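A look at the structure
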Amino acid sequence: MSNYVISISREFGSGGRLIGKRLAAELGIPCYDRTIIQKTSEKSGLSPDFIARAEERARSRFHLSIIPMGVGAPALAHQGVPVGHQAFFAQSEVIRELADEGPCVIVGRCSDYVLGERPECLKVFVHADLPSRVERCVEEYHIPSDDMAKRIVQMDKGRANYYNYYTGHTWGDMRRYHLTLNSAVTGVEGAVNLIVALVQARSAQDAL
């Protein structure tokens, strides 16, 4: 599996972004997370601020009452498609182009869905118990733990809203991933080692 792409989805505060960055460093490949917004801006002509705001709107409770859009594979921004949806289409196209370029790690952005059933794509979901995530976030963001717990729950709801709306699937459904891991148990380095082992196992399997 020479052109492997690792998609990392994660609960807020689980350390998924850090795991992605360290994994990419370990494997010597690029890691893409919020940098995809800038690339999407360049492709679509929409400003990075607009794209970020469109994401925030999609994460809001407003979408809980809307039938999932389930945009499907073609990233076509047809005339008449709302600009917010065009941002998602353009971002999806960027993700597929990055995957075509070579091995990489992509954090979030519905990348597990966007990359579909590509055989070279390994899909990972990182989670942890709430107290562990609160502890990590308090250290990182210096927000009181009571407020942080509420924020974590809110962020997870937002991620679920966004994912469920655009994909028509359920965020965090373990059956959609090749590996789910609890970072409170593995730690960041343990998580990286597990994912590297999966990459190596898949590569060995493909070599048979």
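Here, every reference points to the structure presented above.
A few points on the structure. (Residues numbered from 1 in each chain as written. Predicted model: local features only at pLDDT ≥ 70, side-chain atom pairs only at ≥ 80, totals over all residues. Heavy atoms only, no water.)

A closer look at the sheet that holds strand S1 (residues 5-10)
This is how it is decided: Note on pairing: two strands pair once DSSP finds at least 2 bridges between them. Here a strand is any run of E in DSSP of at least two residues, a helix any run of H or I of at least four, and the numbering for each starts at the N terminus.
The sheet built from five strands is open, its strands ordered S2-S3-S1-S4-S5 with parallel pairing. Looking at the sheet topology across the chains shown, the edges are occupied by strand S2 (31-32) and strand S5 (179-182). Two elements, S2 and strand S3 (residues 104-107), share two bridges in a ladder whose sense is parallel. Each residue of the ladder has a partner; that of Tyr 32, found in S3, is Ile 106.

Considerations on the pattern of salt bridges
Put simply, the rule is: For this document, the term salt bridge refers to a Lys or Arg side-chain nitrogen within 4 Å of an Asp or Glu carboxyl oxygen. The cut-offs for exposure are 20% and 50% of the maximum accessible area for each residue type, with area from a 1.4 Å probe on protein chains only; residues under the lower value are buried, those over the upper are exposed, and the others partly exposed.
Under the definition given, this model contains ten salt bridges. Between Arg 133 and Glu 11 there is a salt bridge; the shortest N-O distance is 3.5 Å. Residue Arg 133 is found in helix H6 (residues 130-141), and its partner Glu 11 is found in the loop between S1 and helix H1 (16-27); the two are separated by 122 residues along the sequence. Neither residue differs from the other here; Arg 133 and Glu 11 are each classed as buried.

With respect to the layout of surface pockets
Worth spelling out the cut-off: Both site types are read off a 1 Å grid over the protein atoms alone. A 1.4 Å probe that fits but cannot get out defines a cavity, while an open set with protein on both sides within 12 Å along at least five of seven lines defines a pocket; lining residues have an atom within 4 Å of a point. Grid points are joined across faces, edges and corners, and a volume is the space filled by probe spheres set on the points. When residues are grouped by polarity, Ala, Val, Leu, Ile, Met, Phe, Trp, Tyr, Cys and Pro land in nonpolar, Asp, Glu, Lys and Arg in charged, and all others, Gly among them, in polar.
If you add up the space inside the largest pocket, you get close to 630 Å³. Contributing to the lining of the largest pocket are 33 residues, with Arg 10, Phe 12, Arg 17, Val 107 and Arg 159 lying nearest its centre. Of all the secondary-structure elements, those providing two or more residues to the lining of the largest pocket are S1, H1, helix H3 (48-59), helix H5 (111-114), H6 and helix H7 (145-167). Looking at the lining of the largest pocket, the element that brings in the most residues is H7, giving five residues. Its residues assigned to classes, the lining of the largest pocket comprises twelve nonpolar, eight polar and 13 charged.

What to know about the nonpolar core
Quick reminder of the rule: What we call a nonpolar core is a set of buried Ala, Val, Leu, Ile, Met, Phe, Trp, Tyr and Cys residues that are connected through their side-chain atoms within 4.5 Å. Throughout, a contact is declared for two residues whenever any of their heavy atoms are within 4.5 Å.
Counting residues in hydrophobic clusters, the biggest one holds 25 residues, and the most contacted among them are Ile 36, Phe 88, Ile 106 and Leu 115. For this core, the elements supplying multiple residues, two or more each, are helix H4 (83-101), S3, H5, strand S4 (121-127) and H7. Counting residues per element, this core draws most heavily on H4, which supplies six residues. If we ignore the near neighbours within four places in the chain, the residues touching Leu 115 are Val 5, Ile 95, Arg 96, Ala 99, Ile 106 and Cys 121. One finds Ile 8, Leu 122, Val 126 and Ala 191 within the second-largest nonpolar core, a separate group that totals 21 residues.

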